[in-house]
Protein chains: 2
Amino acid sequence: MARGKFSTCNTCQNLNRLSKTFEDKKFHLKNLIQNKNRLEKFSLKQEGFFYDFSKQRIDDILLHELFDLARETRAKELFSKMASGKIVNVTENRAALHTATRDFTHDTILLDDINIISEIKQVNKEIKKISRKVHNKELKGSTGKPFTDAVIIGIGGSYLGCEFVYTALKHSMDPLINLHFLTNVDIDNFGQIIKSIDPETCLWVVISKSYTTTETLANLNQTLLFLKNHHLEPSKHLMTITAKGSPGDDPSTSGLGAFHMFDFIGGRYSVTSAVGGLPLSLAFGFDIFSRFLKGCHDMDLHALNAPEEKNIPLTAALISIWNSNFLHYPAQAIIPYCSALSKLAPHVQQLSMESLGKGVTSDGKMTDHQTGVIIFGEPGTNAQHSFFQLAHQGSPFPIEFIGVVKPVYNKDQAKSKGIYNHQELWANMIAQAKALAIGKDHENKAKLFTGNRPSSTILINDLSPESMGLLLAFYEARTVYEGFILGVNPFDQFGVELGKVLTSDIRDQIRKKNNDDKTVDFNSLDPATKFYLDTLFKGSL
Amino acid sequence: MARGKFSTCNTCQNLNRLSKTFEDKKFHLKNLIQNKNRLEKFSLKQEGFFYDFSKQRIDDILLHELFDLARETRAKELFSKMASGKIVNVTENRAALHTATRDFTHDTILLDDINIISEIKQVNKEIKKISRKVHNKELKGSTGKPFTDAVIIGIGGSYLGCEFVYTALKHSMDPLINLHFLTNVDIDNFGQIIKSIDPETCLWVVISKSYTTTETLANLNQTLLFLKNHHLEPSKHLMTITAKGSPGDDPSTSGLGAFHMFDFIGGRYSVTSAVGGLPLSLAFGFDIFSRFLKGCHDMDLHALNAPEEKNIPLTAALISIWNSNFLHYPAQAIIPYCSALSKLAPHVQQLSMESLGKGVTSDGKMTDHQTGVIIFGEPGTNAQHSFFQLAHQGSPFPIEFIGVVKPVYNKDQAKSKGIYNHQELWANMIAQAKALAIGKDHENKAKLFTGNRPSSTILINDLSPESMGLLLAFYEARTVYEGFILGVNPFDQFGVELGKVLTSDIRDQIRKKNNDDKTVDFNSLDPATKFYLDTLFKGSL
């Protein structure tokens, strides 16, 4: 992909103009942030959410042009279309209605003459009912014991968002049901999980929209064998989250019930549907899940209604585009100064890289501009002791710091060097953003910091369900806005198809060999495939 | 950093020549891998370890020149110097002797007239002794109960490598003592850990070479308060891993004992020292740790003795340099098709990014060439359902696949689509490498795969301690070779210093405010720092 040369597609034309404005600028963050009003002008706030982009390498004029870009690409109009159920996933001819799953404002959104709000409410009602039955021990395992654990069987979007929210919330509340995530087709993922559960008190929640996901069905089969070996009744230990009418939406196989997910919600946007709803309600109760939805809805309303210049996810999307397409940063790190948010980066990694990692625009033209970038991250201060050496002195990449104003822990706390641990955490977060921006000269070049390295800082109040909702919906809306402005479809993922086709060919070969070990060999395959399959069957190098 | 233009330093001169050889080449992997002998020529093997670089974008001529580069930079000679205790960490005037911690070959390595092999053996003897005492319940907590858990208090290199090995090994064996990692100064990291331990049966292992690491000492203070509140005797619940003569190397504070780590081993290379030795011996017994060391030593001997063209870590280092400096890939993904290796990428992320993320050469000149790149990764097949969309159709980055020939799980296994889960896992791994390389044409550009995306594949036999040793030492040696060939010092980390200085300033402000809340304010600070500190003290946005 060319860097800094935009030619072919419409988006490229828009980006060209901005590129020209930038060409003459040679500013350094250490100077930019000297301006006393910088923070005020380059930050946004809405109830419970603060976004500081004052340490990004932009000035008023560039920012103004970026907002023009958002207007010209009609980003807000597209967002509004999305939320009202229009076909925004153009390559797959579908709506993208994740915002409807937490819509406390509308009673009706029609899609093909069906009111999907009432469909969603119906699913949530069932989730509320069954999770309550599990909690009050009305529903028990097939040997009569109440449930203590649930294993979520799903991969990618079927678990990453839920895992982020579950991990965060269990810092502030003890789960009523402990969740485990059986995601990988690796048999050792299964082997490790069964060490930590009691089969008699364990629920298994199978999540697959199509009910054809290879990994998930393989893990389901392994689970059915496990239940059988433990003389447990699958119909009393399984639940299913799947599309209406899928092979899993069948009373004979869906166990305790099939909870519907919808065609108009993609996996990576599905946390607020039954995909997150059932596991999180089992873990913490439906009321907690509902509070989480409320936080999402608040951010959705802001993303939908705030004018461009006040719109946090839209502004953040523009900053991302600025960093990738003009400053040519190939990646972005997400660094929450909060261990409870340790699973946020893996979630946003999928959300963003799968949504934006495209080579074509929505109208089918190959792009010249940068689309998605690499997203990665670990909690701070840990990251400081891991890869921040490169952030400070190696090839730079923008960083998104996230601070949580109030920690959960409220018992006795020790001071070190005169301050509390949470204060130390914040002192580090504040200092890192500043150090990256200003740098430091030194005659010994090994101790020189070039500075001018951009970062944003997000603040949320706490680790409450509402705050987690704000954070989740912020990243969803930012991703969608980035897609709309870059002119790529943030809802499809054709890039995963080729691997599936080639896997299927190899699977056929393995199956043949499994069925007839003696006469089948791999000699007709390409040398690499043959070598790997021979090694696999031999069982050692 | 300029891309593709090498001018100032010696390394740049060497890289220039290679760059010229490459300029005329326009090859595509789908053609390169057609060659029947490709795999044989572009792969290396040593006992228990296989490295396939046949899907890298190089040919014989370029490979030949890369090996010349290794010879010209005297990489092997430097490695040999390193292993014999010469000063290779030139900026800090230190040796780098992590290989000595698993040296089963030599009885003597002299450093400043001290035989460090016998010093290391002495520490290991003490580790063996105390872990045995814990296991046979000779050593108990201050209320007389045997130990069941140990919390490792350390950050960065003091835990990442140990966490990788612990996580991997506990798939195949049940820990005698469960480990927990208290790393972050975030008080909620502490809060979460104490939920999962019984204070009376818990050991706390404090790891800090200098015994001045802020986060670690803050967590130690918090731990001491916790022990006091539970009426437990710190001297019977604490162990210390620290440098001889550090403030922690004091019988009055070191609890059950101070186990020495050495000046000549940096944190990110310290897994095989007491830093990994004590925790892993507590978890699985010293014999298991010793088997792990044996695996490391085998790889060390190979890295030291194998000629350039047969040397796996050296070849892998050249491939990394090729990808970053000539093909301009800004990152590398590590994708083990193995959930047990989920903590490998975070470890290598630190190891590589902290070692190589430099802006200067060892002799103090600013570099024009690319040094370290971003390292990130998640296990496959999970990664396929997360960020592989971008890998296939967005901006490309090289991928290192890792396959484990034999899984741990050996009970009843179900088949799906005619094959076992472990076979499905491998089918996917093989298919992904191939799909990235060959691509696929399609008239619908959304379904087009450009291919020519490079990957390597590593195979190990199993999840045994020996195999984990091979893997760990491979990444260490590769990193060191990369540093030597690129001409940067892989052992220092001055890039973390500026943040520490600025944190200290902010800490002073917070301490003053803690001491005198009413009259102290933050009005004299820069507006951003003032805003964040005001918010922190206010307790909400």
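Residues numbered from 1 in each chain as written. Chains lettered and ligands numbered in written order. Predicted model: local features only at pLDDT ≥ 70, side-chain atom pairs only at ≥ 80, totals over all residues.

A. Geometry of the overall build of chain A. Within chain A, the secondary structure is distributed over 18 helices and 17 strands. Across its three principal axes, chain A shows a C-alpha extent of roughly 70 × 65 × 55 Å. When the 541 residues of chain A are sorted by exposure, 60% land in the buried category. When contacts within chain A are restricted to residue pairs at least 6 apart in sequence, long-range pairs at least 24 apart make up 74% of them. (Helix = DSSP H or I, 4+ residues; strand = E, 2+ residues; numbered from the N terminus. Buried ≥ 20, exposed ≤ 12 C-beta atoms within 10 Å, placed from the backbone. Contact = placed C-beta atoms within 7 Å.)

B. Inspection of the sheet that holds strand 7 (residues 149-153) of chain B at higher detail. Residue and element names in this part refer to chain B. Strand order in this open sheet of 5 strands is 8-7-9-10-11, and the pairing throughout is parallel. The two strands at the open ends of the sheet, each matched to only one other strand, are strand 8 (178-182) and strand 11 (258-261). Mean inter-strand twist for the sheet, computed between neighbouring axes without regard to direction, equals 20°. Set on the sheet, helix 10 (residues 274-284) makes contact with strand 7, strand 8, strand 9 (202-207), strand 10 (238-243) and strand 11; between it and strand 11 the angle comes to about 135°. (Pairing = 2+ DSSP bridges. Axes fitted to C-alpha atoms, helices over the stretch in contact; angles between N-to-C directions.)

C. Examining the relation of the copies chain B and chain A more closely. Once chain B is rotated about the relating axis by 180° and shifted along it by 0.0 Å, it coincides with chain A to within an RMSD of 0.0 Å. Expressed as a symmetry operation, the mapping of one chain copy onto the other fits a two-fold axis. (Least-squares fit on C-alpha atoms with pLDDT ≥ 70 in both.)

D. Geometry of the interface of chain B and chain A. Across the boundary between the two partners, chain B contributes 128 residues, which contact 128 residues of chain A. Taken together, the residues that form the side of chain B that touches chain A break down as 54 nonpolar, 53 polar and 21 charged. (Nonpolar A, V, L, I, M, F, W, Y, C, P; charged D, E, K, R; others polar.)

E. Molecular detail of the nonpolar core. Counting 339 residues, the largest nonpolar core has A:Ile152, A:Val165, A:Val205, A:Ile374, B:Ile152, B:Val165 and B:Val205 as the members making the most contacts within it. Setting aside anything within four residues of it in sequence, one finds B:Val205 in contact with B:Ala150, B:Ile152, B:Ile153, B:Met239, B:Ile241, B:Leu278 and B:Pro279. (Core = buried A, V, L, I, M, F, W, Y, C linked by C-beta atoms within 7 Å.)

F. Geometry of the domain arrangement of chain A. Partitioning chain A into structural domains gives domain 1 (10-72 + 310-492), domain 2 (116-292) and domain 3 (495-538). Using only C-alpha atoms to locate each centre, domain 2 of chain A and domain 3 of chain A end up separated by 33 Å. (Domains from an automatic or database assignment.)

G. Main features of the pairing of strand 14 (residues 399-404) of chain A. Residue and element names in this part refer to chain A. In terms of burial, strand 14 is a largely internal element, 6 of the 6 residues being buried. Neither face of strand 14 is exposed, since Ile399, Phe401 and Gly403 on one face and Glu400, Ile402 and Val404 on the opposite face are all buried. Examined bridge by bridge, strand 12 (residues 331-337) and strand 14 share 5 bridges and lie parallel to one another. Counted as the bridge partner of alanine 333 is isoleucine 399 from strand 14. Across 6 bridges, strand 14 lies against strand 17 (residues 455-460) in parallel orientation. Residue pairing for strand 17: isoleucine 402 is matched across the bridge by isoleucine 458.

H. Spatial organisation of helix 9 (residues 214-229) of chain A. Between the first and last C-alpha of helix 9 of chain A there are 23 Å, a value that for 16 residues agrees with the 22 Å anticipated at 1.5 Å per step. Those residues of helix 9 of chain A that sit buried are A:Thr214, A:Glu215, A:Thr216, A:Leu217, A:Ala218, A:Asn219, A:Leu220, A:Gln222, A:Thr223, A:Phe226 and A:Leu227. Elements in contact with the buried residues of helix 9 of chain A: strand 7 (149-153), strand 8 (178-182), helix 8 (187-195) and strand 9 (202-207) of chain A together with strand 15 (415-416) and helix 15 (421-438) of chain B. Looking one or two residues beyond helix 9 of chain A, the residue adopting positive phi is A:His231, at roughly 55°. (Expected span 1.5 Å × (residues − 1).)

I. Region of the structure containing the confidence of the model for chain A. Residue and element names in this part refer to chain A. Overall, the prediction assigns chain A a mean pLDDT of 95, with 98% of residues at 70 or greater. Within the model, the stretch residues 1-5 combines pLDDT values under 50 with 8 contacts to residues more than four positions away or in other chains. The ipTM, which scores confidence in the relative placement of chains, is 0.96 for this predicted complex, and the corresponding pTM is 0.97. (pLDDT = per-residue confidence, 0-100.)

J. Highlighting the packing of helix 15 (residues 421-438) of chain A against helix 18 (residues 527-538) of chain B. The geometry of helix 15 of chain A relative to helix 18 of chain B is characterised by a closest axis approach of 11 Å and an angle of 160° between their N-to-C directions. One way to sum up the angle between helix 15 of chain A and helix 18 of chain B is to call them roughly antiparallel. Of the two possible hands of crossing, helix 15 of chain A and helix 18 of chain B adopt the one that is right-handed. Residues A:Gln423, A:Trp426 and A:Ile430 of helix 15 of chain A form the contact with helix 18 of chain B, whose own contacting residues are B:Thr529, B:Tyr532 and B:Leu536. Residue composition of the contact of helix 15 of chain A with helix 18 of chain B, grouped by class: 4 nonpolar, 2 polar and no charged. (Parallel < 35°, antiparallel > 145°, perpendicular 65-115°, else oblique. Left-handed = near helix turned anticlockwise from the far one by under 90°.)

K. Highlighting the pairing of strand 9 of chain B. Residue and element names in this part refer to chain B. In terms of burial, strand 9 is largely enclosed, as 6 of its 6 residues are buried. Side-chain alternation along strand 9 places Cys202, Trp204 and Val206 on one buried face and Leu203, Val205 and Ile207 on a second face that is also buried. The pairing of strand 7 with strand 9 spans 5 bridges and is classified as parallel. Bridge pairing links aspartate 149 to cysteine 202 in strand 9. As paired strands, strand 9 and strand 10 are joined by 4 bridges and run parallel to one another. Each bridged residue has a counterpart across the sheet, and for tryptophan 204 the counterpart in strand 10 is leucine 238. The parallel pair strand 9 and strand 10 is bridged by helix 9 (residues 214-229), and the resulting crossover is right-handed. (Right-handed = clockwise from strand over helix to strand, strands pointing away.)

L. Local environment of the sheet that holds strand 17 of chain A. Residues and elements named next belong to chain A. Pairing within the open sheet is mixed, and its 6 strands lie in the order 1-2-17-14-12-13. Here the strands that pair on one side only, and so sit at the sheet edges, are strand 1 (43-46) and strand 13 (374-376). In this sheet, neighbouring strand axes are inclined to one another by 15° on average, regardless of whether the strands run parallel or antiparallel. Two elements, strand 12 and strand 13, share 3 bridges in a ladder whose sense is parallel. Paired with alanine 333 across the bridge in strand 13 is phenylalanine 376.

M. Spatial organisation of the environment of B:Asn136. When you line up the elements, B:Asn136 lands in the loop between helix 6 (116-135) and strand 7. Considering only alpha carbons, one finds B:Asn136 and B:Gly154, 18 residues apart in sequence, at a separation of 26 Å.

N. Structural detail: the environment of B:Ser252. One can find B:Ser252 in the loop between strand 10 and strand 11. According to the C-beta neighbour criterion, B:Ser252 is exposed, with 6 such atoms within 10 Å.

O. Structural view of the environment of B:Ser320. Examined against the element boundaries, B:Ser320 turns out to sit in helix 12 (residues 312-325). Taking the C-alpha atoms as reference points, B:Ser320 and B:Met82, 238 residues apart in sequence, are found 21 Å from one another.

P. Spotlight on the packing of helix 15 of chain A against helix 17 (residues 497-515) of chain B. For the pair helix 15 of chain A and helix 17 of chain B, the least separation of the axes is 8 Å and the interaxial angle reads 130°. Of the possible angle classes, the one that applies to helix 15 of chain A and helix 17 of chain B is oblique. Judged by the twist between their axes, the crossing of helix 15 of chain A over helix 17 of chain B is right-handed. Each of A:Gln423, A:Glu424, A:Ala427, A:Asn428, A:Ile430, A:Ala431, A:Gln432, A:Lys434 and A:Ala435 in helix 15 of chain A lies in contact with helix 17 of chain B, whose residues at this interface are B:Leu498, B:Gly499, B:Leu502, B:Thr503, B:Ile506, B:Arg507 and B:Ile510. Across the contact of helix 15 of chain A with helix 17 of chain B, the residue classes tally to 8 nonpolar, 5 polar and 3 charged.

Q. Molecular detail of helix 15 of chain B. Residues and elements named next belong to chain B. Between its first and last C-alpha atoms helix 15 spans 26 Å; for 18 residues at 1.5 Å apiece the expected length is 26 Å, and the two agree. By the criterion of burial, helix 15 is predominantly enclosed, with 18 of the 18 residues buried. The first or second residue beyond helix 15 is glycine 439, which carries a positive phi of 65°.

R. Just unusual backbone geometry, in detail. Residue and element names in this part refer to chain A. Here the residue pair glycine 380 and threonine 381 is connected by a cis peptide bond, since its omega of 5° sits within 30 degrees of zero. Among the structural elements, threonine 381 can be located in the loop between strand 13 and helix 14 (388-393). For asparagine 93, which is not glycine, the phi dihedral falls at a positive 55°. Along the polypeptide, asparagine 93 turns up in the loop between strand 3 (87-89) and strand 4 (94-95). Residue class for asparagine 93 comes out exposed when judged on the 7 C-beta atoms lying within 10 Å of it.

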